[in-house]
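Chains, contacts and geometry: an overview
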Amino acid sequence: MPSTSVVSSLNPFSSRSPRNPVDRSVSPSRLRPADLLRISDQGAQDVLDGRFADLLPGRWPSAERWSTRLHADDDVDVWLISWVPGIATELHDHAGSLGALTVLSGTLAEYRWGGTELKYRTLEAGDQASFPLGWVHDVVQAPGTASGADQPTLSVHAYSPPLTAMSYYEVTDHGSLRRTRTELTDLPEGLTA
């Protein structure tokens, strides 16, 4: 990992300089959603500029999602994820972490729990989204997205504090949300080692 990455320079706490006060009863992180959006956006730009070329696969996987950690410190971890058709994450939250993403290429579909039903949106290249605590969603490459070794669907995700767990959910027959399991993990969006 390049230690001079612009991703780390965007984290106002990575230099261990004086810290901005944040009421920890309100947020589990010193970083705000706007900070995570800037970090994921800069991570996306760093990937596009070739700063992480040494971390990329020789050929993008076409049968499963792929990921690599671009940056990690005590406050944030940043991931590049490659998406393939039909492989969803399942409805999940990020436990005690806030999150944000920037889509580099292709289109993602997000199904988000809106309190009484699933809401749908697409996120295209250049789009961003942030995830507060309690955000339950499922992410998948949008149907009809051109994808392949030369055109993967890619997104950069930032989590603060760094991911330690994810909870998974189902929508019940009564239109409510039920947690089915919680897993300890430091891998993003339901990926397995």
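Just above, that's the structure.
As a starting point, this report considers the structure included with it. (Residues numbered from 1 in each chain as written. Predicted model: local features only at pLDDT ≥ 70, side-chain atom pairs only at ≥ 80, totals over all residues. Heavy atoms only, no water.)

**Overview of the nonpolar core**
In this structure, L80 and V156 are the most contacted members of the largest nonpolar core, which totals 18 residues. Going through the elements one at a time, α2 (33-48), β1 (66-72), β2 (77-83), β3 (98-105) and β8 (153-160) are the ones with two or more residues in this core. Residue contributions to this core peak at four residues, all from α2. Judged by nonpolar contacts, the second largest core, of 16 residues, contains A129, W135, L163 and Y168. (Core = buried A, V, L, I, M, F, W, Y, C linked by side-chain atoms within 4.5 Å. Buried < 20%, exposed > 50% of the residue type's maximum accessible area, 1.4 Å probe, protein only. Helix = DSSP H or I, 4+ residues; strand = E, 2+ residues; numbered from the N terminus.)

**Observations regarding the sheet that holds strand β7 (residues 137-141)**
Strand order in the open sheet made by the three strands is β5-β4-β7, with antiparallel pairing throughout. The strands lining the two open edges of the sheet, one partner per strand, are β5 (118-124) and β7. Sheet twist, expressed as the average angle between the axes of neighbouring strands with direction ignored, equals 20 degrees. Where strand β4 (residues 107-113) lies against β5, seven bridges are found, and the strand directions are antiparallel. Counterpart to R112 in the pairing with β5 is K119. (Pairing = 2+ DSSP bridges. Axes fitted to C-alpha atoms, helices over the stretch in contact; angles between N-to-C directions.)

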